[in-house]
Amino acid sequence: MSSEIHKHIEKSLEKNLKSFNADVINFPINKNKNKSKDLKIETFKYWNIRDKSNEDQLSAVIGICFMFTALILIGLYSNIV
């Protein structure tokens, strides 16, 4: 029993020594805080649903809108009848 406790104490001491010998990472202090100079808007970086590469997303949006419209019409019809 005492040998197990002794081993546990040795392991915890080794962990403490490793944490005391750890190096501190210095992050760069030179940060550009004045970002107001780069306010030029470039339109080609914006996402457009009608692009050639977004055909599947366009069809998904159209399908969702169609389903909402169909559910609203069915709900209105069921309230009238």
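Per-chain numbering applies: the sequence of each chain, read as written, is numbered from 1 onward. With the structure being a predicted model, the display of local features is reserved for residues of pLDDT at least 70 and the display and counting of side-chain atom pairs for 80 or more, all residues being used for whole-chain, interface and lining totals. Hydrogens and waters are ignored; side-chain quantities use all the structure's heavy atoms.

(A) Molecular detail of the overall build of the chain. In terms of regular secondary structure, the chain is built from two helices and zero strands. Type-normalised accessible area, obtained with a 1.4 Å probe on protein chains alone, sets the label of each residue: buried when under 20%, exposed when over 50%, and partly exposed for intermediate values. Per-residue burial for the chain yields a buried fraction of 1% across its 81 residues. Computed with a 1.4 Å probe, the accessible areas rest on the Shrake-Rupley method; for each residue, only the protein chains presented here act as cover. Carbon and sulfur atoms make up 62% of the accessible area of the chain, which amounts to about 8800 Å² in all. Per the convention used, a helix needs a DSSP run of H or I reaching at least four residues, while a strand needs a run of E reaching at least two, with both numbered from the N terminus.

(B) Representation of the pattern of salt bridges in the model. Just to be clear on terms, a salt bridge is a Lys or Arg side-chain nitrogen sitting within 4 Å of an Asp or Glu carboxyl oxygen. Summed over all chains, the structure comprises one salt bridge. Between Glu55 and Lys52 there is a salt bridge, and its shortest N-O distance comes to 3.7 Å.

(C) Layout of a nonpolar patch on the surface. What makes a patch is a set of residues exposed beyond 30% relative accessible area and free of salt bridges, joined within 9 Å when like-charged and within 5 Å when nonpolar (Val, Leu, Ile, Met, Phe, Trp, Tyr). A contiguous nonpolar surface patch, about 570 Å² in accessible area, is contributed by Ile64, Phe66, Met67, Phe68 and Leu71. Note that Phe68 resides in helix α2 (residues 55-80).

(D) Spatial organisation of the environment of Ser78. Note on placement: Ser78 falls in helix α2. Polar contacts, as counted here, are pairs of nitrogen or oxygen atoms within 3.5 Å of one another; within protein the pair requires one atom able to donate a hydrogen and one able to accept it, and residues that are adjacent in sequence qualify only if both atoms are side-chain atoms. A distance of 2.9 Å separates the side chain of Ser78 from the backbone oxygen of Gly75, its partner in a polar contact.

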